[in-house]
Each structure stands twice: as structure tokens, then as C-alpha cells.
Amino acid sequence: MGKRTDLHKKNLQTIFYPESVAIVGTNKVKGTVPGDIFTNILQAELNGVIYPVNPREKWIGSLKAYKYIVDIPDPVDLAVIVFPSTVCDRALEQCGEKGIKSAIIISAGFREIGEKGLEREEQIKAIAEKWDISFIGPNCLGVINTDPASRLNASFARKFPAEGNIAFLSQSGALCTAVLDYAQARNIGFSKFVSFGNKADISEIDLLYYLMDDEKTKVILLYLEEITDGPSLMRAARDVMEKSHKPVLIMKSGRTSAGASAAASHTGSLAGSDEICDAAFRQAGIIRCDNVEDMFNIAIAFAYQPLPKSEKIAIITNAGGPGVLTTDEAIRQGLKLAEFNEDTTGKFRRSLPTTANISNPIDVIGDARADRYHAAMTGVCQDDNVDGLFVILTPQSMTDIEKIAEEIAKVANESRKPIYTSFMGEADVAAGIKILQKHHIPHYTLPESMCKPYAATLFFNQMIKQKAERPTVFDDVEKGKVQKVVNENLESGKTYLSEFKAKEIIETYGLPVIKSGLTTSEKEAGSVAESIGYPVVMKIMSDDIVHKFDVDGVVLNVRNREEAEKTYTRIISNVQKSMPEAKIDGVYIAKQIENGTEVILGVKRDPAFGPVVMFGLGGIFVEVFKDVSFRVAPIDKESAVNMIKEIKSSKMLLGARGRKNLDIDSIADAIMRLSQLALECPQIAELDINPLIVLEDGQGCFVADTRIILTN
Amino acid sequence: MYRNLSDSEISILEQRGCSADDWGTVLVKDNFSPGPISNAHFAGEVKLGVFKEKLLVEKGISKASGIRNSHVENCTIGDNVLISNVNSLVNYDIGDNVAIENVGTVVVHGETAFGNGTEIEVLNEGGGRELPIFDRLSAQTAYLLVVYRHDKSFIENLEKLIRKYVDKKRSSRGSIGENARILNTVSVCNVDVGSYSIVSGASNLEEGTIVSCAEDPSIIGEDVIAKDFIIQSGSKVDGGAVITSTFIGQGAQIGKQYSSEGSAFFANCEAFHGEACSLFAGPYTVTHHKSTLLIAGMFSFYNAGSGTNQSNHMYKLGPLHQGIVERGSKTGSFSYMLWPCHVGAFSVVMDKHGANFDTSELPFSYINAEDGKSVVTPAMNLFTVGTVRDSEKWPKRDRRGDPDKLDLINFDFFSPYIVEKIIRGSELLSELHESTPKTKEFATHKGAYINRLMLRTARRYYDLAINVYLGEKVVKRLEKSGDLTGMEKVREVLQPKAKSDDSSWLDLFGLIVPDSSISTLMDDIKSGKISSLDDLRRALVQLHEAYEEEAYSWCADLVEKRLGTKVGEITIEELTKIITDWKVNSIKLKNMVLKDAEKEFDQLSRIGFGIGGDEDTQIRDFEAIRGTYEDNSFVKSLKQEIEDMKAKTFTIGEETLGEM
Amino acid sequence: MELSEVKLKVKQVVARVLKTDEADISDDANFIFDLGADSMQSMLLIAAFEEEFDIEMDVEKAQEVQTVGGAVEFIADYL
């Protein structure tokens, strides 16, 4: 962590808990941002002193106003700057002179408006660095801290939220106001609420580290429009998860933006930025959310209920249909319906009517009242086979909704198992829902919506139990040799490295390459084929030919010297006929592996996350089904193995249908080495190994074909 | 089609807890089966359809059709209808696939017109502008009825047409259209319920019509109390709204405890949290916030800031006064106006105003209060982000899904109506500049104060807007025509096809039309040439459709007056000048908007920031301006427009015009 | 017109429009930061300068001027 990062950690405490706040550039005019920020700070009853700063006014809101920040006689903890952007630099400079180390710059008119604004932003960053000031913004809605020890509302949001244990960070100020409104309607409170705008200084990474240690925060929600430093974000989220066991939920916009390039490589076309983002988040233990509703559905599960120990849930419902719908979704989310033990089943037989269904889901029937729900819930909570409970209610005329809600709250209070609820409907169940919300029992409008949050909390619980491994650093690699080859090619203007040259590079990083050789004459072809051993495959080698099969430039199953020599001539002739202008380097001969499974590995450099490694089964699995997995480099052994296991067709590698297990370890080794190559050689923009041929367990794997695209 | 019940059917019904005053008056369709009926009592003449299928009652919940636990009297019930737990269902014709469940009473008492013909006292709380509402009332018809009271003969004739229409609506039987839903509602009395409409959780509905259709169902939600009302298709009234003597137009939304009395809301209005009294709200009138009162005023394309308020009481004379706020205007948070006031188009009113002012000749103004004075800054709202975005937002927010759109809405931003106002504004500012001595800080005009220093600047802005308008109209005309082979073709294209008279233009709640056309229409009504509401509608539609050519013709006249150029005889030099000036002025205008986007927070720029707008507008404005640079923000797209404009040229034959 | 005269008139106008003391108006005073002008007052200042000096300024460019000194130079260019 750098010096600025340490500074931010210290100054963020002052930003959230200032004992004195100067509102710089405020005015008396209600309905303007400067006017409203002043009103909001005042009305929230800040635990501190407020100093309005305005060049013309003598007083604002019955408080003495100061012409300049430096005129304020007392020390000031936090400056909230609302001057027009053209003079923010002066304001910040005065903050520095005054000794103020923490600021929130609300003003817009910076990077987001273009070049002129970017200049202003660079200016204020320089001033902040000069005076060791940390600031949030510019171009933000502001900061809210609901902790009664602070009660800071340095924002121009209309509402001051209720106190809670969920922190919300957003890059979009507009979303903040919508989120505040949404949460209020659902009685969801916040610990800290930050719109960080252009994040010119303090970023979401700094805020994550601050919240990691914030006692008032249990769950962290983050909305991002862009990821500027993916690896730092992953690291921060991982640290937060491991050190404080707080989940980080991220909603990132731009899911459908076309990130996948029409690159020459497979990996390039498969690795859309959104798929990579998904993978990176999962790798870091970040829970990705699709929208605000999704995010809060999951957040309240984390905030209000304990983490589940397993995927085994029980469903209690008074209507069959919703129970079935929930079951379907639960299975889809990887959950299981627990099997009750005999003791539990016995209890149900005694306490529930004969018409009730006492297997899972438990249907307590439409006329169930609080007593039946109580019996079902307590039975389930006492069953060791069950680790989570979903309670569904549909309002029938005899349903005592509020009593049932109270009952659920009581049981939840006494149980260590997470309990989620869904009272279906709107008007009739409103009072019951309020009771659940009051007691912090997660409630969901649709019963199916309970499943994803449960799965998320389970995933998180599993992640925090995993020990993070340090990725292996291979020392049997020839980094210098690779750099030489890369530099030579770049200097001669070559950015596309075909098979032969690409294999040279990956071989130096310890990836097993099939025996091969480049030949430039019939005779040479014969002798090289002999030295490799039959059968061999022979391919045309030319930078101008990408699709060798299309020009009849590939021949398989060459089994003897004579055939090798004749095949050489034939290939050259075929290519000269179909692509007379192509510059031919020769015919490449490689050992043909006859029994093996083809997989594909690749590397792509993502603008946000850096080098990303891709894995998939070859052929139609990748071409048609796009069944691939990603990880951001560096990749440790466990992650590499998980990459392999998580593709849908992984059973093909793990001994399905009478097949033997393939050498997974060798694939994992190849993945880790590729990851190291990608990190140590930043000029590699894209890399494909297609195919990597994998033999049975213990017999290793071989790179059969590869290509690399370089960048300056 | 219908037959009597057989003995076995009666027996089955009775076994299932059913009874009737007289089974002989209960008729059923041929393939009727008594199975789905239980615990029902039938009285009077009842006709029952076949209850075979299930129906989707509400989200996720399907139920078997039939009649259960209900009292049904003098009703005709269609096929696959669910009537369950209804205390009294009396005097209704019910279409197929209707569900009525958990409802106290659904009855028609006596003869009623279902809200049609109810006279509501809009605009003048004390009466005098009574508007008879009916289920096909359009904003334009309403405008004519309310505003042209001085022409007694016209009003009498139009009211006669309406009465004729309303008389046909009278009946002692109500109807509930196919696929409608009435659920969990206390009482529905003398209400016609349109097909596909949803009434769910409402309290009391009395004397009204809910118009609805498959393409655009109406929704009446929880805790709504409504009396003497018309609700047109695609509307949503919920959240405990209380509406009395109220008309709600197509696509309108009223909710969140809004209360309305003696008020009319036309297409796409939104009203939440506040109160309306004698409000005459044209299309796109939006009031979202708590503590907002709209009283005795006429508004359209309007946004009310929270706490907006007006008074219509003069000290001793009672609630006499009215206010007019022309299209596109906004009021800031906690703004107040003492009526009478007349606010010009696209203006923003902030602060509290006790002096009655009239800024109808100064559109696009900011109106603030300073030391008790209503200070007007004309033209300031011409080049703001808010104004530009407003011009884009209304067509996008036309919620109406009904294929028969009753309100005729012209979304043209710079229409002859507005440009006329701007021209008048420019002239007025010139006059005031001449007549106000330099020693005075303010010029005054009809109760408003204008900072003398702003007179010239504002006039420059008005003139810029007029020049942009003229250039744009000419350019658009050329663009529409496609290939321009030479100046002959250009003259042919630019020559107006409609005749222009010297008539000024009017805005009839969205219909923009020359005054002379309205005079003709009124004469036709008085003479009987227009003898039905359908005729009237056709005539209005015709006027709406004639707008393009008539507006262009007016513009061509203006080009001649201001630029000295007859478009039908235009030379290539004159055309080049028009195009080049248009480009220069448009770019200037867009740069001013960009400047506004960069400005922050203070008196001027907050307007562009959605001030006084609904929270949604604020958010969108905020998002547009304050998003990250990578966002496709308003600023970015405006910059692109400037680049596109710079590059734009026109090819006339061999010549290329407009290169910069 | 001499630059000193321009400066004097500029300060007079600023004092009048912003209702502030001439003595408080330094040469390098920033209209927003030191004199508290909002954008409405900026518009009035531009109009007042135009009237005082009988010129018509490019309003867009005029709005970029941030200080009293800058205004003096900007106006001097028109004379």
C-alpha cells in the first residue's frame, strides 16, 4: 500500500466522524445544491460545529458565515466544497493552508465534461498531494454517516436514511437517491452511504479498506460504472472478506456492452469484458448483483441472518404451488431439499394435520394458523439435517398473518439457522411484512427470490473458510529469452506470432510442447519426420495463412519417410495454388498424438483486470457451447483446478462414461505457467493454445498448436 | 341462447348451498354446469354463462371460474367469470373472463350516467368555468369549453352536443367489461368498469366510468376513494388517492395519497403526494411532491417542485382568482404565487410572489423574488440543459397505449406559437430598453421587474432563438425532400403549400393551431355544421394534421419579413447565408447549453438541474450531467451534435453549401 | 482609453452590480471566490460592462474571464 493509501485510511475516519465541518461555497438559496447541503448537514443534527463559508454573506442559517476558510478561527476537520469547479482549486488550497486534511468535493465540472475539466481535476489532485489532503469526489452526491456519534449528512440527497449495518458506495450519484428511496420503503437502514463520483483521489478501494474495520458495517454494497484497477479491487475485496468476514456485493453496469473483440484469437472473441468481470469477482469472493433489487435481496440476507452451514434447506408453505416454484429455483441455485430425520417426521405427524405434507417442502395447508407454522418451524430448526429455512405464506381468509410474522421472529431469534420469508401478495400481508422487517427477518416478494441470496451467503461462507494460497512462481522459466524473441518481433513490426515462434516462447516457460520441426525441403521433411517418430502431422507455415485447413495446408497421419517427403511437396503445391501471394516459411512437422483429449487454453489482457487465463474443452464445447472458464492472473493451484472443474463439460475430463481420468494436474500446471508468462511478459496481448492435448492421468499433456498476438 | 335450469341442476345448486328468490328467473347458457357455483343467492333476472376454465386472477394466482359465496341480482354474467365473496352484485352486465373477488358491493342504484355529464369547477373555484366531463373528453374540447366562456352561443351549442352524448350513457344497468378485475374492494357503486381494467384494494368508487382496453388497461389500486369521476384508458390511480369531481385522462398516474377536487388531468399527467383543487391540468402536468397544492390554475407540460403553492383568495371577495402557467414551465421548491398571475411559456418560477404578475409575453424566463419584487430574467431558460432535455423527454414519455389517443399533442418545441411569443418578447424588451432611464435598476412590465442591464442581453438571446428556428425550418424542409438537383428544385421544395394568414397561433393544451382555424371551428359548432362530438373530433384531428404545412407557411412568411427573402424565389447566395447562419447560430446555442451543463448550483444553473422538476427529472438531469465521462452523457452527445453540425453540408446540383 | 481608466470603470461597475465596496475589489479578485458572484450576477456584469463601454462582447468568451484583472484586459481588447 502506498503513502496516499495510508493517508486515506487515516483521513477517512475524519471524513466520517468530523467534529467540525466547513461548507465552502454554500449559500442561502434553498433548492440549490450549496444551499441544500447546508440545510441537510444542519437538519441531520451533526455532532459537531458547522462553519458556512461564502464570500458575500455575513450569516447563513443563523450561523456566522466566513468569507474565506482561513478566516475561521477554530480548527476544522472536514471541508465540504460546493463552489463552482473553476474555483475549487482555490478552495482546496485554502483548506491546505488552514490545516484541513479531509474534504468532500461535491462540485461537478471536472473530468466528466472533457479536457478542460480533466485539467481542473489534475490541478486539485496536485493540491491535495501537496497538502496531504484526502478528498472524496469531485462530482459526487456526498457522504452520509448514520452513526449517532456522527450523524453526518454531507450530501444533497433528499432523505437521511435510518441507521443500519449495510454500507453503500456508489459511483453514480443518481443511483444513490433511488437507492435511498428504495431502502426506506423496505425499512432497510445504512451504516455509511457514499457517492464517490469521479474518484479522483479516494477510490472505492480506499473505502473498502476503511469499511473493513468499521464496526458499524456488516455488509458492503458497491455500484460501479467502470473498473479502473481490477486487481486492486479483487485484492481489497479478498482482504475484506478474509480479515473481517464482511461480504462485498457489487453491481456493475455495462453487462451487455460489447467487450469481446473481433480478435484473431479464440480467447479474444470469447472473453467479453463482462464474462471476465464475472470470473474475477467470483475469484475474489465478490458477489455480483444484477440490479438494485437483487443487491438488497442478498444484502439483507447477509445483514440480518447467520450464514448457512450447507446447501440443505427446508421450505414451509401453506400453498403447494409456491412451494414447488421455490424448490425449482432452489435446485437451480445449487441448493438441496434436506431430508428430515425420523424424530422430526414424528413430530410433524403428531403436530400437523393428516392432510399436511410432512416431507420437504412442508405444506401446512391453506387453513394453517400460527400454531401450525410454529410446529413446523421449531421441528425444522431442531433437525440437524437442515441448515436453512424458507417460510412461505399466502393470505387466506383464516390466515393470522401478523401472528405468524411474530412467530417467525420469535423462532428466528432463538435459532442459529438463517430464516427467510416470503409473504405473497401486497395489501393483505403489508402489516405482517412490516413486523418481519422490524425484526430483521429477510422478506422477499416472490418466494423464488429467497434462493439466490441463500446461495450467495453459502458461497461466501465457503469462501471465507478457504485458505488463500500463494500462487506458485516457477523458477525454471527463461524470462530473458522470451523478452528477446518478443522484442525482435516487435522491432520488425510483427505482432502476430504463428505456431512455430509462439511455441518457442511457451516452451521457455515450461509448457510441454510436442516434438516438432520446421522444414524447408522435401528431404529435410523426411529426416525431421524420422527423428520425431510416426505418425506426424504436417502443416504449412506462413504468417499470411491463418486458416490452414482451408488451403489444404494440413495433412494428418503421415506414417513414413516417403509419405512425408511427398506430403511436403503436395502441401507447398496446394498452398501456392490457392494463395499464390502468401509468403511461405516452410512446412511444420509435429508428432501426432493419437489418444488424447483436446482442451483449449488462452490468455487475454483485459483493460480492467489485466491478464486473464481461459480454459475450455476443445471443439464444439468451445466453438458452439462456449463452455469456458476464466481466472485473473496470478493463478494458484487450487484456482487452476477449479477452473477445470467448473466448466459444464468437466465430467469429460474426470472419467465420465467409462473413460479414465485425464491428467488434470498437468493442465493446472500449464495454466499456472501461462498465468506467470502473461504477468511477466506484458507485450503478450492475446495467446491461444488450441489444442492442448491431454493424456490419461500421469501421462501429461502437450501443446499441439499455439499462436500469440503481441502489442507494444 | 339461454334456457331455464333443469330440476337436477336446481337440486345440485341447492345442495351446494345456493338459493334464489325464483329459480324461474335464473337463466343459463346451453352447456351450463352447476358444479362451479356454491353458496350463491340469486335474485331478480339473472343470466349465467358457462364456467369451465380457470382464470388468472392476479399475479401468479389462477383460480377456477364460478360463483361462490355471493349475492347476484339482476345481472348477466359472461363465460369463465369468477365471482367470489361478493356481498352484493346488482344490476350489472359482466363480460367474459371477469374476476370479482372479496368485494363488498358492486351495484347500480337507479338511473345514472356513470359520471358522464358531471360538471366540475375547474380553474375558477367559485364556478363560472364548469366543465362537463365524459368518457371521450379530449384536452382540446375541454380547453375550448373552459377558456371560451365569453362566446355564449358557442358554449351552449357545444354543451348541447355533450348532453346528447351523455344522455345515451344513462342507464340503470352498469357494465363490467371482459377480462376486468375487481378485487378486495369495499364498494363500487354506479361505476362502469372497462374491459381489462383492474380495481384492486380500492375503498369506494361511486358515480364514475373507468375506460380501459386490452392495449392499455386502467388500474385503480389500494385505498382509492373516487366520486363523480371519469378515468380514461391506461391510467393508474392508487396509493390512497382521493378524487372527487375529477377527470383523469389517458396514461395519467395519480397516487400516493393525492387528493383532487374539481380538477381535470389530461394525458400523461402525474400527481403524487399533494393536492389539487379546481386544477385544469393539460397534458404532462406533473406534481410529485408532498405539500404541493395546485389550485385554480391552468398548467400543461409542467413540473411542480415540492411545496409549490398558490392562493386564489382575494381578501373579501372569495376564491375568485385564477392563474395560467403556460406550457413547459416549472415552479421551484416551496414557490408560491398569489393569483392572478400569468406565467409565460417555458419559464421557471422560484420563491414566493405576492405581487400579481403577467409574463406571458416573456417566455423562457426565470422569475425570482427579490425584496418583495417579482424579478423576471427573460430568455435565460432558452439555452439550459433542462429546457433541451424537456423537449426530448415528452414524446418519449407518452405512455398512452390505447390506439385511440384522444388528446392531440404537438411535441414541436419551437412552434409558431412559441416563436410568436419570442418575437413579441424581443419587441417588448426593445421597447422597455428605450423607455427605461439608465438611472433605474429595473424596468417594469405588468407587475414584473426586469433588471435593466438584462434587457439587451435577453433580447439578443430571443433573437438568436428566432434565427435558429428560421434556419432550422428551412434546412429541415430541404433535408426531407431528398435529392436537390438544382435551385429550381430548391425553390419548389421551399415554396409553402398552405396559405398563411396573419392570424396568431394558439396552444390548446397541446394542439398548436392558428387562431383563425379555431374561430372557424367555433363558427361551425354554432352553425350546426359540426353536429356531433365525432364531427368535432374529426375537425380537431384535421387541424392537428394540417400543422406541418401551416407552420412552415408561417415560417416562410417570417423568413420574408425578417430576412427579406421570399423562399419561393430564393437565390443560391441567400440560401447559403441561411444555411451558414443557421449552423453558426445553432452551434452557438448548443455551446451555451454546454456552458450551462458545466455551470453549477447557483440561481441560474440549478434550473437546468431539474429544480422544481420531479425527482425523476432531477435524477435524469443529474445522471446526464454528472455521470462519468465514459457515460453516454448529455454533454457528450451534445458535443457530438456540434461536431456533426460543423460537418454538415448540402449539395444543390453541383454546389456544396454550408462548408465551415 | 487608458488601461488605468478601464480598470477604474471596471471596478466601479463591479461595485455597483455586486453591491460591494470598491475598496474591497483588488486587481486579482476572483469574481466567484473573492466577490461571491453567482452566474446571474456574472450575466449582469457582462451586460453592465457592455453598457458602460458601449461594446458588444462575445458572451461565451466573456464568461470564461475569472478575475477583475482579466476583465480589464478582455474589455481593453474591444476598445
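This structure is a prediction, so every number in the text was calculated from the model and none was measured.

About the cut-offs
- Residues numbered from 1 in each chain as written.
- Chains lettered and ligands numbered in written order.
- Predicted model: local features only at pLDDT ≥ 70, side-chain atom pairs only at ≥ 80, totals over all residues.
- Heavy atoms only, no water.
- Helix = DSSP H or I, 4+ residues; strand = E, 2+ residues; numbered from the N terminus.
- Contact = heavy atoms within 4.5 Å.
- Areas by Shrake-Rupley, 256 points an atom, 1.4 Å probe, with all protein chains shown as cover.
- Lys, Arg positive; Asp, Glu negative; His and termini not counted.
- Charge placed at Lys NZ, Arg CZ, Asp CG, Glu CD.
- Patch = residues over 30% accessible without salt bridge, like charges linked within 9 Å, V, L, I, M, F, W, Y side chains within 5 Å.
- Salt bridge = Lys/Arg side-chain N within 4 Å of Asp/Glu carboxyl O.
- Pairing = 2+ DSSP bridges.
- Expected span 1.5 Å × (residues − 1).
- Buried < 20%, exposed > 50% of the residue type's maximum accessible area, 1.4 Å probe, protein only.
- Arc of directions from axis to C-beta.
- Buried area = accessible area lost by both parts, 1.4 Å probe.
- Polar contact = N/O pair within 3.5 Å; in protein donor to acceptor, adjacent residues only side chain to side chain.
- Nonpolar A, V, L, I, M, F, W, Y, C, P; charged D, E, K, R; others polar.
- 1 Å grid on protein atoms, 1.4 Å probe; cavity = no way out; pocket = protein on both sides within 12 Å on 5 of 7 lines; lining within 4 Å.
- Points joined across faces, edges and corners; volume = space filled by probe spheres on them.
- Domains from an automatic or database assignment.
- Axes fitted to C-alpha atoms, helices over the stretch in contact; angles between N-to-C directions.

Moving on to the overall build of chain A. Helix and strand content of chain A: 23 helices and 30 strands. Reported as C-alpha extents along the three principal axes, the dimensions of chain A are approximately 100 × 80 × 40 Å. Within chain A, residue pairs in contact and separated by at least 24 positions form 72% of the contacts whose partners lie at least 6 positions apart. Split by element, the accessible area of chain A, about 28600 Å² in all, is 49% carbon and sulfur. Taking the average place of the 83 positive charges on the side chains of chain A and the average place of its 96 negative ones, the gap between the two points comes to 2 Å.

A surface patch of like charges, here negative, comprises Glu119(B), Glu121(B), Glu261(B) and Glu275(B). Along the chain, Glu261(B) falls in strand β25 (residues 259–265).

Residue and element names in this part refer to chain B. With parallel pairing, three strands are arranged side by side in an open sheet as β33-β36-β39. With partners counted over all chains shown, the strands left at the sheet margins are β33 (309–311) and β39 (352–353), one partner each. Relative to strand β36 (residues 336–338), β33 runs parallel, the two sharing three bridges. Considered in β36, the bridge of serine 311 is made with leucine 338.

The next point concerns helix α14 (residues 634–647) of chain B. All names here are of chain B. Spanning 14 residues, α14 covers 20 Å between terminal C-alpha atoms, matching the ideal 20 Å at 1.5 Å per step. Those residues of α14 that fall on the buried side of the exposure criterion are Phe634, Val635, Leu638, Ile642 and Met645. Buried positions in α14, seen along its axis, are confined to an arc of 95 degrees and lie on one side of it.

Quick look at the environment of Ala375(A) now. All names here are of chain A. Along the chain, alanine 375 falls in helix α13 (residues 370–381). With 122 residues separating them in the primary sequence, alanine 375 and serine 253 have C-alpha atoms 45 Å apart. Dropping the residues within four chain positions of it, alanine 375 is found in contact with Phe348, Ser351 and Leu352.

The next subject is the interface of chain A and chain C. Listed by partner, the interface residues are twelve residues for chain A and twelve residues for chain C. When chain A packs against chain C, close to 1100 Å² is buried across both sides, 52% of that on carbon and sulfur atoms. Among the residues chain A hides against chain C, the three largest losses belong to Arg56(A), Tyr68(A) and Arg90(A). Together they make up 49% of the total. Ionic pairing is found between Glu64(C) and Lys116(A), a salt bridge with its closest N-O pair at 3.5 Å. Inspection of the region where chain A meets chain C yields four residue pairs in polar contact (both at pLDDT 80 or more). In terms of residue count, the dominant contributor to the side of chain A that touches chain C is helix α3 (residues 88–98) of chain A (three residues). When the residues that make up the side of chain A that touches chain C are grouped by side-chain class, the tally is six nonpolar, two polar and four charged.

Another point: a positive patch on the surface. All names here are of chain B. A contiguous patch of positive charge, built from Lys160, Arg163, Lys164 and Lys168, is present on the exposed surface. Within the secondary structure layout, lysine 160 lies in helix α3 (residues 152–167). Judged by its relative accessible area of 52%, lysine 160 is exposed.

Now for empty space enclosed by the protein. Residue and element names in this part refer to chain B. A full pass over the atoms with the stated rule returns seven cavities of 30 Å³ or more. For the lining of the second largest cavity, the secondary structure elements donating two or more residues are β32 (302–304) and α4 (385–396). Here the residues of the lining of the second largest cavity sort into four nonpolar, two polar and five charged.

With that out of the way, let us pick up the domain arrangement of chain A. In terms of domain boundaries, chain A breaks down into domain 1 (3–151 + 182–193), domain 2 (306–465), domain 3 (515–592) and domain 4 (597–710). For domain 3 of chain A versus domain 4 of chain A, the distance between C-alpha centres works out to 27 Å.

Once that is clear, we can look at the pattern of salt bridges. Two side chains of opposite charge can pair, provided their charged atoms sit close to one another. Residue and element names in this part refer to chain A. For the structure shown, the criterion picks out 79 salt bridges over all chains. The salt bridge partner of lysine 192 is aspartate 214, with a shortest N-O separation of 3.0 Å. Linking lysine 192 in strand β11 (residues 192–195) with aspartate 214 in the loop between α6 (204–212) and β12 (219–224), this pair joins segments that are 22 residues apart in sequence. For the pair lysine 192 and aspartate 214, a shared accessibility class is recorded, and that class is buried.

In sheet architecture, strand pairing relies on hydrogen bonds along the backbone and comes in two forms, parallel and antiparallel. Residue and element names in this part refer to chain A. Reading across from one edge, β2-β1-β5-β6-β7 is the order of the five strands in this open sheet, with parallel pairing throughout. Strand pairing shows two members of the sheet lacking a second neighbour, β2 (49–53) and β7 (134–136), which therefore form its edges. Here the average twist between neighbouring strands, direction ignored, is 20 degrees. Sitting on the sheet, helix α1 (residues 3–16) touches β5 (78–81), β6 (102–105) and β7, and the angle it makes with β7 is about 65 degrees.

With that settled, consider a nonpolar patch on the surface. Together, Ile620(A), Val624(A) and Phe625(A) make up an exposed nonpolar region whose accessible area comes to about 310 Å². For Val624(A), the location among the structural elements is in the loop between α21 (620–623) and β27 (628–632).

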